[in-house]
Amino acid sequence: MAENNWTKFKVTADFNTDLRSVYTAWTTPAGLESWFLRKANFYTITGRLREPQESVLKEDTYEWYWHGFDDSTVEKGSVLEVNSIDFFKFTFSDDNIVSVSLESRNGLTILELTQENIKEEPDPSKNLFVQCQVGWTFYLANLKSILEGGIDLRNKRTDIQSNFK
């Protein structure tokens, strides 16, 4: 019996929209805020804050803030690769690496998200393999809903506890 690899996972999603729209949703501050984050601050290598519609570049750093949490909960990281077409790679949550690849296939845009470099954790409540996989699945469903003309599935209220942040 093969051993499970708890250091890496993949999540795949399909979108009935053009590849450029999906790519922009990942690689601009406004795009990320439309489906994923409350606030997405990206900083150039010289420290300038990127404009909401401006595409991120390799070596940018970021500060991300979620709905349902105050500003003391912040994710900081950096852009490792971006090709302006179909690939985006960044650091995430405790030195993990997330890669987002896009391709057009059978009239759909196919997204493959890989998160790797996950440290094994003996405390199940801190298991990033499970928590992040569940989180990405929700947020990709929200991205699909937003891009295909649906509603924003996130709970944006701070007075209600919910997993749908």
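No experiment lies behind these values; they were computed from the predicted model shown.

**Q** Hey, could you run me through the pairing of strand E7 (residues 108–116) in this one?
**A** Every regular strand shows the same layout, with side chains that alternate between the two sheet faces. Sheet topology places strand E1 (residues 8–15) next to E7; eight bridges connect them, and they run antiparallel. Among the inter-strand pairings, Ala13 is bridged to a residue of E7, identified as Leu111. Strand direction decides the pairing type here: strand E6 (residues 96–105) and E7, joined by nine bridges, are antiparallel. Residue pairing in the sheet places Leu102 in a bridge with Leu111 of E7. Following E6, the chain reverses through two residues before pairing antiparallel with E7; Asn106 in that reversal takes a positive phi of roughly 55 degrees.

**Q** Sorry, what's going on with the pairing of strand E5 (residues 87–92) here?
**A** When you tally the buried positions in E5, you get five out of six residues, the bulk of the element. Pairing of strand E4 (residues 74–82) with E5, which is carried by three bridges, proceeds in the antiparallel orientation. Its bridge partner being in E5, Val82 is matched across the sheet by Phe88. Taking the residues between adjacent antiparallel strands as the criterion, E4 and E5 are bridged by four residues, where Ser84 takes a positive phi near 65 degrees. Direction of pairing for E5 relative to E6: antiparallel, over a ladder of six bridges. Residue Thr91 lies in a different strand from E6, and its bridge partner there is Ile97. Connecting E5 to the antiparallel partner E6 that follows it, the hairpin turn spans three residues, and Ser93 within it adopts a positive phi of roughly 45 degrees.

**Q** What's the story with the packing of aromatic side chains in this structure? I'm lost.
**A** To describe a pair of aromatic rings, you give the distance between the ring centres and the angle between the ring planes. Under the counting rule described, the total for this entry stands at 21 aromatic pairs. Here Trp64 and Phe90 contribute two aromatic rings whose centre-to-centre distance is 5.4 Å and whose plane-to-plane angle is 65 degrees, an arrangement assigned as edge-to-face. Note that Trp64 is positioned in strand E3 (residues 61–65) and Phe90 in strand E5, a separation of 26 residues in sequence. You'll find Trp64 and Phe90 in the same group, each marked buried.

**Q** Just to check I follow, could you spell out unusual backbone geometry for this structure?
**A** Outside of glycine, negative phi angles account for most residues, and trans bonds account for most peptide bonds. A positive phi angle, close to 45 degrees, is found at Ser93, a residue other than glycine. Its identity as a non-glycine residue notwithstanding, Asp94 has a phi of 65 degrees, on the positive side.

**Q** Which parts of the structure should I look at to understand the nonpolar core?
**A** As a rule of thumb, soluble globular proteins bury nonpolar side chains together. Trp26, Trp64, Phe90 and Trp136 are the most contacted members of the largest nonpolar core, which totals 38 residues. For this core, the element with the highest residue contribution is helix H3 (residues 128–147), accounting for eight residues. In contact with Trp64, not counting residues within four places along its chain, are Leu32, Phe36, Leu37, Lys39, Ala40, Asn41, Phe42, Thr73, Val74, Glu75, Phe90 and Phe92.

**Q** Got a minute to help me understand H3 in this structure?
**A** Quick reminder: α-helices carry 3.6 residues per turn. Residues three or four places apart thus point the same way. In this model, H3 (20 residues) spans 27 Å end to end at C-alpha, consistent with the 28 Å of a helix rising 1.5 Å per residue. Here H3 has its buried residues at Leu128, Phe129, Cys132, Trp136, Phe138, Tyr139, Leu140, Asn142, Leu143 and Ser145. Those residues of H3 that are buried are in contact with E1, helix H1 (19–27), helix H2 (29–35), E5, E6 and E7. Gly149 sits one or two residues past H3 and shows a positive phi near 85 degrees.

Definitions and limits used
Residues numbered from 1 in each chain as written. Predicted model: local features only at pLDDT ≥ 70, side-chain atom pairs only at ≥ 80, totals over all residues. Heavy atoms only, no water. Pairing = 2+ DSSP bridges. Helix = DSSP H or I, 4+ residues; strand = E, 2+ residues; numbered from the N terminus. Buried < 20%, exposed > 50% of the residue type's maximum accessible area, 1.4 Å probe, protein only. Phe/Tyr/Trp six-rings, centres within 6.5 Å; stacked < 30°, edge-to-face > 60°. Core = buried A, V, L, I, M, F, W, Y, C linked by side-chain atoms within 4.5 Å. Contact = heavy atoms within 4.5 Å. Expected span 1.5 Å × (residues − 1).

Any functional reading would require information beyond the geometric quantities listed.
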